[in-house]
Amino acid sequence: MDKKNLVLVADDDKRHREMLCALLDEWGYEVASAADGQQAVDFCKKGRPDLALLDVRMPKKGGLTAFSEIHAARKDLPVLIMTAYSDIPAAVEAIKAGAHDYLSKPLDFDRLKICLANVFALKNAPKAREEAKIGKKSEILGESAPILELQEMIRTIAPTSATVLITGESGVGKELVARAVHKDSCRKGDFVAVNCGAFTDTLLASELFGHEKGAFTGADKKHEGLFVKASGGTIFLDEVGEMSPAMQVKLLRVLQEKEVLSVGSAKPVSVDARVIAATNRDLAKEVEEGRFREDLYYRLNVVSITPPPLRDRGNDIALLAMNFAKRFAAANRKNFSGIEDGAMRKLLAWQWPGNVRELENVMERAIIMMTGETITERQLPERLLAASPRQATDTCLATGEDGVPTLDEVERAVILRTLERFGNNKTETAKALGITRKTLHAKLARYKMED
């Protein structure tokens, strides 16, 4: 019999720790426990845990500090962070540093069970593990309330088999969301993506469903379609709103019958591919105007996700800008130490009509044009520099002496707009901003905005 996987549970709450240990034992894992962060570090350095489950708040050594020491000693050890909502930003930083994932308290035990199963499936499958490492580079980054809500929704729907429709503006990262859903799912097959707007009907049918040798001119051999390749995994249909009526009928049949008929064949083939579709069109309006089939729309729209536009993500702009800058600096062999305040103000003030894709392009250009080790306003596109504060952002109600809003002015304006949106309800405002009521009151006092 194979050795059981050993899970270390580190939590100073004795009742919670014992309950988790009992649950893990019931699921078939070998279990060890630690009552504080130092015990967890010592055990991981000396013992053989195959996974560590660390609470953030523990005596002697907090979970995040313990993680840093454990990760330095054993980079191959998967670590899951248990965290309260208020500590999620810190947990996100731990993931960037190498932690496998975080779980919000109170724990969702179904999600924990799936997460553990996925971790050990990857540990036992070298190919899958390498694919996961590659995929980690494109994880959804951000700490704003809209992004935390998006991440939570992904974790909720990923383990299900529901068809997902991702809508939203161009450049918000719809494919990243689709990949995240697939990664967190239980599906062991491949993630296969296709842009439905990039092919004619004949070529798209061949791509999706395959074709037989001799089915049409140039078909000199049998071709396996993407639905078959994605069987057991996920197929991502990008720009699904661009499909012609004829292709919509064919796709509807696949969703209903769970089988495909390759071009030139009379024998259907069963497939088990989870479908995730994406579009920047308003499909409900397309249905009303007769350009998209209503029955297909409801087949695709079992669960809907709308990634937030970048302009609604607050300081995620700064986080993403730094992330892109570091990546492009490494790719172009340039030393990079940061973004100067003036340039960062311009980045934070811009409305980003092209969303994350536009920001990525701007940061690549900035790194290429950079002459020193920091990005200054000189490396930013003219459109960012020429825009007035009012043009750049409708949240900046006041500007500095040079006509550029300060970070404090941007924050003050965002708080004002959010308060107005929620009718001066401070609880809802704090929740939307991703901060506590105490922090909100402190900021209101700082900006002399208290009633």
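Right, let's talk about the confidence of the model for the chain for a bit. In this model, the chain carries an average pLDDT of 83, and 86% of its residues clear a pLDDT of 70 or more. In the predicted structure, residues 125–138 sits below a pLDDT of 50 and forms nine contacts with residues beyond four places in sequence or in another chain. When the criterion is pLDDT under 50, residues 388–404 qualifies, and its contacts beyond four places in sequence or with other chains add up to 32 contacts.

Further remarks concern helix 20 (residues 426–433). Every buried residue of helix 20 is listed here: K426, T429 and A430. Around the axis of helix 20, the buried residues are gathered within 95 degrees of arc, so they sit on the same side. The positive-phi residue at the C-terminal boundary of helix 20 is G434, with phi of around 75 degrees.

What follows deals with the packing of helix 9 (residues 201–209) against helix 11 (residues 245–257). For any two helices packed against each other, the geometry is given by the interaxial angle and the distance between the axes. Between helix 9 and helix 11, the least distance of the axes is 10 Å, while the angle of their chain directions is 15 degrees. It follows that helix 9 is roughly parallel to helix 11 by the angle criterion. By crossing handedness, the relation of helix 9 to helix 11 is classed as right-handed. For the pair helix 9 and helix 11, the contacting residues are D201, L204, A205, L208 and F209 in the first and A246, M247, K250, L251 and V254 in the second. Here the residues of the contact of helix 9 with helix 11 sort into eight nonpolar, no polar and two charged.

Tallied over the entire structure, the rule returns three aromatic pairs. Ring centres 6.0 Å apart and planes at 20 degrees place the aromatic pair F209 and F227 in the stacked group. Of the two residues, F209 is situated in helix 9 and F227 in helix 10 (residues 226–229); the sequence distance between them amounts to 18 residues. Just as F209 is buried, F227 falls in that class too. Above the face of the F328 ring, R327 is positioned so that its terminal group lies 5.0 Å from the ring centre.

What follows covers the environment of C44. The topology assignment puts C44 in helix 2 (residues 37–46). Distance in space between the C-alpha atoms of C44 and L8 is 8.3 Å, their sequence separation being 36 residues. With sequence-adjacent residues up to four places away left out, C44 is seen in contact with L8, P49, A52, I70, R74 and L77.

A few words on the pattern of salt bridges. All told, the structure shown has 17 salt bridges when counted by the stated rule. The residue D36 makes a salt bridge to K60 at a minimum N-O spacing of 3.8 Å. With D36 in the loop between strand 2 (30–34) and helix 2 and K60 in the loop between strand 3 (51–55) and helix 3 (63–73), this residue pair connects regions lying 24 residues apart in the sequence. Sharing partners across several salt bridges, the network here consists of E242, R281, E286, E289 and R291.

If you trace the five strands from one edge of the open sheet to the other, you get 2-1-3-4-5, paired in parallel fashion. Of all strands in the sheet, those with a lone pairing partner are strand 2 and strand 5 (101–104), marking the two edges. Across the sheet, the mean angle separating the axes of adjacent strands is 20 degrees when strand polarity is ignored. Pairing geometry for strand 1 (residues 6–10) and strand 2, over five bridges, is parallel. The residue of strand 2 that forms the bridge with V9 is S33. Of the strands in this sheet, strand 1, strand 2 and strand 3 are in contact with helix 2, which crosses strand 1 at around 160 degrees.

Let us now look at empty space enclosed by the protein. Enumeration over the complete set of coordinates arrives at two cavities of 30 Å³ or more. The computed volume of the second largest cavity comes to approximately 60 Å³. Lining the second largest cavity, in full, are F227, V254, L255, K258, V271, D272, A273 and V275. Residue composition of the lining of the second largest cavity, by class: six nonpolar, no polar and two charged.

Reading guide: rules and limits
Residues numbered from 1 in each chain as written. Predicted model: local features only at pLDDT ≥ 70, side-chain atom pairs only at ≥ 80, totals over all residues. Heavy atoms only, no water. pLDDT = per-residue confidence, 0-100. Contact = heavy atoms within 4.5 Å. Buried < 20%, exposed > 50% of the residue type's maximum accessible area, 1.4 Å probe, protein only. Helix = DSSP H or I, 4+ residues; strand = E, 2+ residues; numbered from the N terminus. Arc of directions from axis to C-beta. Axes fitted to C-alpha atoms, helices over the stretch in contact; angles between N-to-C directions. Parallel < 35°, antiparallel > 145°, perpendicular 65-115°, else oblique. Left-handed = near helix turned anticlockwise from the far one by under 90°. Nonpolar A, V, L, I, M, F, W, Y, C, P; charged D, E, K, R; others polar. Phe/Tyr/Trp six-rings, centres within 6.5 Å; stacked < 30°, edge-to-face > 60°. Lys NZ or Arg CZ within 6 Å of the ring centre and 35° of its normal. Salt bridge = Lys/Arg side-chain N within 4 Å of Asp/Glu carboxyl O. Pairing = 2+ DSSP bridges. 1 Å grid on protein atoms, 1.4 Å probe; cavity = no way out; pocket = protein on both sides within 12 Å on 5 of 7 lines; lining within 4 Å. Points joined across faces, edges and corners; volume = space filled by probe spheres on them.

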